[in-house]
Amino acid sequence: DGVTLTVEEGAIIKGGFASAGIQVDTGGSLQVNGTSTSPVNFTSYKDDLLGGDSNGDSSATSPASGDYSAPVKLNGGTVAIAYANFKYASTAIYSIAGGNSLTLTDSSISDGEVGITIQAVPTVVLQRNHFNVSGLGVSATYVDDLSGIVLAGSNKNTFSSSNQVGNQVRFFNSAVPASATWTVDSSSGAVLYDGGAAIAGALDVGSGVTLIQADGY
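Rules of the game
- Residues numbered from 1 in each chain as written.
- Predicted model: local features only at pLDDT ≥ 70, side-chain atom pairs only at ≥ 80, totals over all residues.
- Heavy atoms only, no water.
- Helix = DSSP H or I, 4+ residues; strand = E, 2+ residues; numbered from the N terminus.
- Buried < 20%, exposed > 50% of the residue type's maximum accessible area, 1.4 Å probe, protein only.
- Core = buried A, V, L, I, M, F, W, Y, C linked by side-chain atoms within 4.5 Å.
- Contact = heavy atoms within 4.5 Å.
- Pairing = 2+ DSSP bridges.
- Axes fitted to C-alpha atoms, helices over the stretch in contact; angles between N-to-C directions.

Draft legend 1. Highlighting unusual backbone geometry. Although it is not a glycine, Ser 58 sits at a positive phi angle of roughly 55°. Relative to the assigned elements, Ser 58 resides in the loop between strand 5 (40-44) and strand 6 (72-75). Even without glycine at this site, Arg 128 takes up a positive phi of about 60°. Along the chain, the position of Arg 128 falls in the loop between strand 13 (123-127) and strand 14 (130-132). Looking at Arg 128, the relative accessible area reads 32%, which means it is partly exposed.

Next comes the structure, spelled out in structure tokens:
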């Protein structure tokens, strides 16, 4: 409680399947301070290209999607990450029981199963990130302002999965408040999956964007 963990530029953090990752509880915070020339890397313990042969098996194993569980878990705390690469995780960032805020900028999530799962996090800011995962791109439930997930303009997040689900931004029981406009441009590569949102402001879906309506909405 009240503790801040700071991860500086160039750090390499490796996980095995049973590793718990960094769990940020209520009152705590995680600050990841990568830079454009020296990002922070979250990767599999089987990844010999970053940080050497951590599992000591030479070339007997290779990293693969889902090698380890979520490297970052929100459990009521605050997370701010800039210039980080997440590779081979089952879920890169996962909200266990909500959180205070999540900010992720200028980062990439690739070669894993799920990008980000957010639940009951009031403040979410995702800008200039790239997603290329085999499973779901972003899932947002009980998010107060979906426009923080930027999908248009110079700050947009981009998606390039070979399957549609990997490019999906799914939202459930979330909102766009009266003061906000959530603009979605096809150049982001995002596919919207509408599981229910209260639009008090504006939702501007551009030409060429795929919008999937969940059953019952």
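Draft legend 2. Just the nonpolar core, in detail. Judged by nonpolar contacts, the single largest core of 44 residues is most densely connected at Phe 86, Ile 93 and Trp 182. With residues near it in sequence (within four places) discarded, Phe 86 still touches Phe 42, Pro 71, Val 72, Ile 81, Ala 92, Ile 93, Leu 104, Ser 108, Ile 109 and Ser 110.

Draft legend 3. Up close: the sheet that holds strand 15 (residues 138-141). Spatially, 8 strands are ordered 3-6-9-12-15-17-20-23 in an open sheet, and the strand pairing comes out parallel. At either margin of the open sheet sits one strand with a lone partner, and together these are strand 3 (22-25) and strand 23 (211-213). Each adjacent strand pair in this sheet contributes to an overall mean axis angle of 10°, direction not counted. For strand 12 (residues 114-119) and strand 15, the ladder comprises 4 bridges, and the chain directions are parallel. Residue pairing in the sheet places Gln 119 in a bridge with Thr 141 of strand 15.

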